[in-house]
Amino acid sequence: MELLNLHRIVDVTLAEGPGARCAVWTQGCSVRCPGCFNPQTWTTRGGFSLSWPDLVSRVSGIEGIEGVTLLGGEPFDQAEPLGRFAAAVRSAGLSVMTFTGHVREDLPPSLLLDSTDLLVDGPFLVDRPEPSRPWVGSANQRFHFLTDRYDASIFTTPNRLELTVAPDGAIELNGFATTEVLEALLEGERR
């Protein structure tokens, strides 16, 4: 049984792709973009291990989601077990959105690529911020509609920032917000 090396799972989010989704961050990244939002996911040490069938079981038990988003780290560093996971959740009717720091043309054939409905590719470039398209940090990153599940209408979805406080007091943040949104939030906090 192939284990996945994972960093974090958010069972239900509106900030990591179209619709309500389960977001799965992988642990380990061979791309390591300067200025990355998640440098804590670069090393393969840390995180936690979970078999892909156990992840399928967990995701299958989440009500009200339309899909799964795979982020990193670098999902294609674990393409084989994540491909099996993605194929299983797609066969159950969920969509799969995958982010990669590689460009599509450089990705070798894989079950993960074959089981992805929406691929976002390209390294994060800190000097090329993206002010308008949702979910991406830099303007060079491209959306590839690999199936007919999604189309350009997703670009009307606003970016969101989600803050979760766990019962033990742990605070988790996910999503993306522009500097302007963050400044407005801080200004509202000061009032």
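Structural data are supplied above this passage.
My aim in this report is to walk through the structure given alongside it, one point at a time. Numbering of residues starts from 1 in every chain and runs along the sequence as written. In keeping with the predicted nature of the model, local features appear solely for residues at pLDDT of at least 70, side-chain atom pairs appear and are counted solely at 80 or more, and the whole-chain, interface and lining totals rest on all residues. Excluded from the side-chain calculation are hydrogens and water; included are all heavy atoms of the structure.

**Topic: the packing of helix α1 (residues 52–60) against helix α2 (residues 79–91)**
The geometry of α1 relative to α2 is characterised by a closest axis approach of 9 Å and an angle of 30° between their N-to-C directions. Here α1 is positioned roughly parallel relative to α2, judged by the angle of their axes. In this structure, α1 meets α2 at a crossing whose hand is right-handed. Contacts from W52, L55, V56 and V59 in α1 reach P81, R84, F85, A88 and V89 in α2. Grouping the constituent residues of the contact of α1 with α2 by class yields 8 nonpolar, no polar and 1 charged. Fitted lines through C-alpha atoms give the axes, limited to the stretch in contact for helices. The angle between two N-to-C directions lies from 0 to 180 degrees. The helix count covers DSSP runs of H or I at least four residues long, the strand count covers runs of E at least two residues long, and both are numbered beginning at the N terminus. For classification, angles of less than 35 degrees are called roughly parallel, those exceeding 145 degrees roughly antiparallel, those between 65 and 115 degrees roughly perpendicular, and all remaining angles oblique. Throughout, a crossing is termed right-handed when the near helix is turned clockwise from the far one, and left-handed when it is turned anticlockwise from it by less than a right angle. Throughout, a residue-residue contact means that at least one pair of heavy atoms, one from each residue, lies within 4.5 Å. For this scheme, ten residues count as nonpolar: Ala, Val, Leu, Ile, Met, Phe, Trp, Tyr, Cys and Pro. Four count as charged, namely Asp, Glu, Lys and Arg, and the remainder, Gly too, count as polar.

**Overview of the sheet that holds strand β6 (residues 118–121)**
Sheet strands line up and pair through hydrogen bonds in the backbone, either parallel or antiparallel. Note on pairing: two strands pair once DSSP finds at least 2 bridges between them. The strand order across the open sheet built from 7 strands is β3-β1-β2-β4-β5-β6-β7, with neighbouring strands paired in mixed fashion. Strands at the two margins of the open sheet, each flanked by one partner only, are β3 (48–51) and β7 (142–145). Neighbour to neighbour, the strand axes of the sheet diverge by 30° on average, direction disregarded. Each of β1 (3–13), β2 (21–26), β3 and β4 (67–71) touches α1; the most contacted strand, β3, lies at about 85° to it. This element, α2, spans β1, β2, β4 and β5 (95–99) of the sheet and lies at about 165° to β4.

**Some remarks on the packing of aromatic side chains**
Two descriptors summarise a pair of aromatic rings, namely the distance from one centre to the other and the angle between the planes of the rings. Two aromatic rings, drawn from Phe, Tyr or Trp (for Trp, its six-membered ring), form a pair once their centres lie within 6.5 Å of each other, and the interplanar angle then sorts them: stacked below 30 degrees, edge-to-face above 60, tilted otherwise. Applying the stated criterion across every chain, the model contains 4 aromatic pairs. Here the aromatic rings of W135 and F143 are separated by 6.3 Å at their centres, their planes lie at 55°, and the arrangement is tilted. The residues W135 and F143 share a single accessibility class, namely buried. Note on F143 and F155: the rings are 4.9 Å apart at their centroids and 85° apart in plane angle, and the pair reads as edge-to-face. Separated by 12 residues along the polypeptide, F143 in strand β7 and F155 in the loop between β7 and β8 (161–165) bring together distant segments of the chain. Accessibility expressed as a relative area gives 29% for F155, which makes it partly exposed. Note on geometry: a ring has a charge over it if NZ (lysine) or CZ (arginine) is within 6 Å of the ring centre and within 35 degrees of the ring normal. In this arrangement the basic side chain of R8 is found over the ring face of W25, its NZ or CZ atom lying 4.8 Å from the centre. Accessible area is worked out with a 1.4 Å probe on protein chains only. A residue is then buried under 20% of its type maximum, exposed over 50%, and partly exposed in between.

**Digging into unusual backbone geometry**
Here the residue pair G72 and G73 is connected by a cis peptide bond, since its omega of 10° sits within 30 degrees of zero. Considering the arrangement of structural elements, one finds G73 in the loop between β4 and α2. The backbone of R32 shows a phi angle near 55°, a positive value even though the residue is not glycine. Its place among the elements puts R32 in the loop between β2 and β3. Under the relative-accessibility criterion, R32 is labelled partly exposed at 41%. With phi around 75°, W135 is a residue other than glycine that occupies positive phi space. For W135, the location among the structural elements is in the loop between β6 and β7.

**Looking at the nonpolar core**
Put simply, buried Ala, Val, Leu, Ile, Met, Phe, Trp, Tyr and Cys residues joined by side-chain atoms within 4.5 Å make one nonpolar core. In terms of nonpolar packing, the biggest core is built from 25 residues, with L55, V59, V68 and F85 touching the most fellow members. Elements with a contribution of two residues or more to this core: β1, β2, α1, β4, α2 and α3 (111–114). With 5 residues, α2 is the largest single contributor of residues to this core. Core analysis: the second largest hydrophobic core is formed by 13 residues, V10, A23, F99 and V136 among them.

**Some details on a nonpolar patch on the surface**
A cluster of nonpolar side chains, L161, L163, V165, I171 and L173, forms an exposed patch at the surface whose accessible area comes to about 500 Å². Looking at the nonpolar patch, the elements that each hand over two or more residues are β8 and β9 (171–175). Sort the elements by how many residues they give to the nonpolar patch and β8 lands first, with 3 residues. The topology assignment puts V165 in strand β8. Residue V165 is classed as exposed on the basis of its relative accessible area of 55%. Residues enter patches when they are more than 30% accessible in relative terms and free of salt bridges; like-charged ones are connected within 9 Å and nonpolar ones (Val, Leu, Ile, Met, Phe, Trp, Tyr) within 5 Å. Areas reported here follow the Shrake-Rupley algorithm with a probe of radius 1.4 Å; residue values treat only the protein chains shown as occluding. Salt bridge criterion: a side-chain nitrogen from Lys or Arg within 4 Å of a carboxyl oxygen from Asp or Glu.

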